[in-house]
Amino acid sequence: MPVQNWIDVHSHYFPPMSAEEQREMVDHLRKNCWCIDHFDEWTVEKTLDHMDRLGTQMQMLSFVPNTVLKLRRSNDFGAEIVRQHPDRFGLLVGLPSDDPAVCLEEIARSESDLDADGFAMQALYNGVYLSDPRLEPVWAELERRKAVVFFHPNATTSAWDRPGALMEVAFQTAYVIVDMLYTGVFRRHPNIRFIVAHCGGALPAISGRLLQMGAMSWVPNPHNVTRDEVSEVLGKLFLDTAATMPTTLGAALEMTTADKIVYGSDYGVPCVDDQSIAENIEALLAFRGLSADQIQAIGRNALNLFPKAAARLAAGESFGDAAAGYE
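Structure report, in brief. Along each chain, residue indices are assigned from 1 in the same order as the chain's sequence is written. Side-chain atom pairs in this predicted model are given and counted only at pLDDT of 80 or more, local residue features only at pLDDT of at least 70, and totals for whole chains, interfaces and linings cover all residues. Note that the side-chain values use all heavy atoms of the structure and ignore hydrogens as well as water.

Examining the overall build of the protein chain
For the protein chain, the helix and strand inventory stands at 13 helices and 12 strands. The C-alpha atoms of the protein chain give 19 Å as radius of gyration, which agrees with the globular expectation for 327 residues (20 Å, within 12%). Principal-axis analysis of the C-alpha atoms places the extent of the protein chain at approximately 55 × 45 × 40 Å. Here the protein chain, with 327 residues, has 54% of them falling under the buried criterion. The Shrake-Rupley method, run with a 1.4 Å probe, gives the accessible areas here. Residue values count only the displayed protein chains as cover. Approximately 14700 Å² of the protein chain is accessible, and the part contributed by carbon and sulfur atoms is 53%. Seen as two clouds, the 27 positive and the 44 negative side-chain charges of the protein chain have centres 5 Å apart. Each helix corresponds to a stretch of at least 4 residues labelled H or I by DSSP, and each strand to a stretch of at least 2 residues labelled E; elements are numbered beginning at the N terminus. For the radius of gyration, the atom set is restricted to C-alpha positions; the globular benchmark scales as 2.2 Å times the number of residues to the power 0.38. Relative accessibility decides the category of a residue: with a 1.4 Å probe and only protein chains considered, values under 20% of the type maximum give buried, values over 50% give exposed, and everything between is partly exposed. In this tally, Asp and Glu contribute negative charge and Lys and Arg positive charge; neither His nor the terminal groups of the chain are included. For the purpose of locating charges, the reference atoms are NZ of Lys, CZ of Arg, CG of Asp and CD of Glu.

Overview of the pairing of strand β2 (residues 56–62)
Among the 7 residues that make up β2, 7 are buried, leaving the element largely enclosed by the rest of the structure. Only strands joined by at least two bridges in the DSSP assignment are considered to pair. With 5 bridges connecting them, strand β1 (residues 6–12) and β2 associate as parallel partners. Within β2, the residue paired with W6 across the bridge is T56. By the bridge criterion, 4 bridges tie β2 to strand β3 (residues 89–94) in an arrangement that is parallel. Paired with S62 across the strands is L92, a residue of β3.

Some points on the environment of F171
Positionally, F171 belongs in helix α6 (residues 168–182). Linking F171 and A310, residues 139 residues apart in sequence, is a C-alpha distance of 33 Å.

Digging into the packing of aromatic side chains
Stacked, tilted and edge-to-face are the three classes applied to pairs of Phe, Tyr and Trp rings, where Trp contributes its six-membered ring and a pair requires centres within 6.5 Å; stacked means planes under 30 degrees apart, edge-to-face means over 60, and tilted covers the rest. Applying the stated criterion across every chain, the model contains 10 aromatic pairs. Ring centres of Y13 and F63 lie 6.3 Å apart, and the angle between their planes is 75 degrees; this geometry places the pair in the edge-to-face category. You can see Y13 sitting in the loop between β1 and α1 (19–31) and its partner F63 sitting in the loop between β2 and α3 (68–84), a full 50 residues away along the chain. An identical accessibility class is assigned to Y13 and F63; each is buried. Ring geometry for F186 and F194: centres 5.3 Å apart, planes at 75 degrees, overall edge-to-face. Here the two residues F186 and F194 agree in accessibility, since each one is buried. Taken together, the ring pairs connect Y13, F14, F39, W42, F63 and F77 into an aromatic cluster. For K260, the ring lying beneath its charged end belongs to F238, and the centroid distance is 5.6 Å. The criterion is that NZ of a Lys, or CZ of an Arg, lies within 6 Å of the ring centre and within 35 degrees of the ring normal, and then a charge sits over that ring.

Focus on the sheet that holds β3
The 8 strands are arranged β1-β2-β3-β4-β7-β10-β11-β12 in an open sheet whose pairing can be described as parallel. Pairing within the sheet leaves two strands with one partner each, and these edge strands are β1 and β12 (261–262).

Quick look at the state of the cysteines
Disulfide: a pair of cysteine sulfur atoms within 2.5 Å of each other. Taken as a whole and judged by the stated rule, the model has 0 disulfides. Of all cysteine sulfurs, the one in C35 lies closest to C33, which takes part in no disulfide; the gap is 8.3 Å. The class for C33 is partly exposed, based on a relative accessible area of 26%. Here C35 falls in the exposed class, since its relative accessible area comes to 85%.

Here it is in structure tokens:
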């Protein structure tokens, strides 16, 4: 079954960096246990080449730098890429979730200046978790817009002398989403559609435990979250396939349904490369728990979330037969 015209919801990009900025990035990663000595420059040309070879029609670009100045620069750069290549890229505007006021400004800019497709937020950003009550005005505005939010863990942390991107991201994803559940974020804002990176991290694996025990009397539960509510919230989450196939997908399909699985590559960051991305695709294609049609649909399910991107594709030229396929 060929891979062709897939939509990649999980793809990172970086504005041009000076040599000093690249050294700072490498130093930061090395301090967090990454064995890395350089940071490859991200370019549109290299990315389009990667997409054509792997059969990707469009990438939804995301990056959430840790300062407001860098974040706004990044959002502007991403918007310009989409303007230049409207049928190959979409933009998920990065939001600085340690500053609700700036978040609201970037949300407003997403429509007036950036023409974005959705938003990207880190589970842990400059010490602030997405379950922090100070973010309530941000969630309220995203709820009003019925926005799509790409939920990504902070991969630059480290645990047990290993890079956070290896394992910590999976657990960070799980405990922040569970905290958002118990603090009522999902209940108050049911129309925000969340795409959770890395197939939900550790969340699918512990979802059965949450369902069995999460509403018991011994669990602190100030909002009286019920077992049915736990099931409903988990079942509404969209999960991308980045860097997790095939082992997490089986658990994910016990937690949610195949139409909530969307393709993601994690392209653009040094913890993956073309080989690992291709192996992840091959494992997805070989997964026995879904039909061939369902697997092919995973590659295009994201178009149901991003109508502006779908419209740009419809208006643009056909992707054609340039993409390589996997058999």
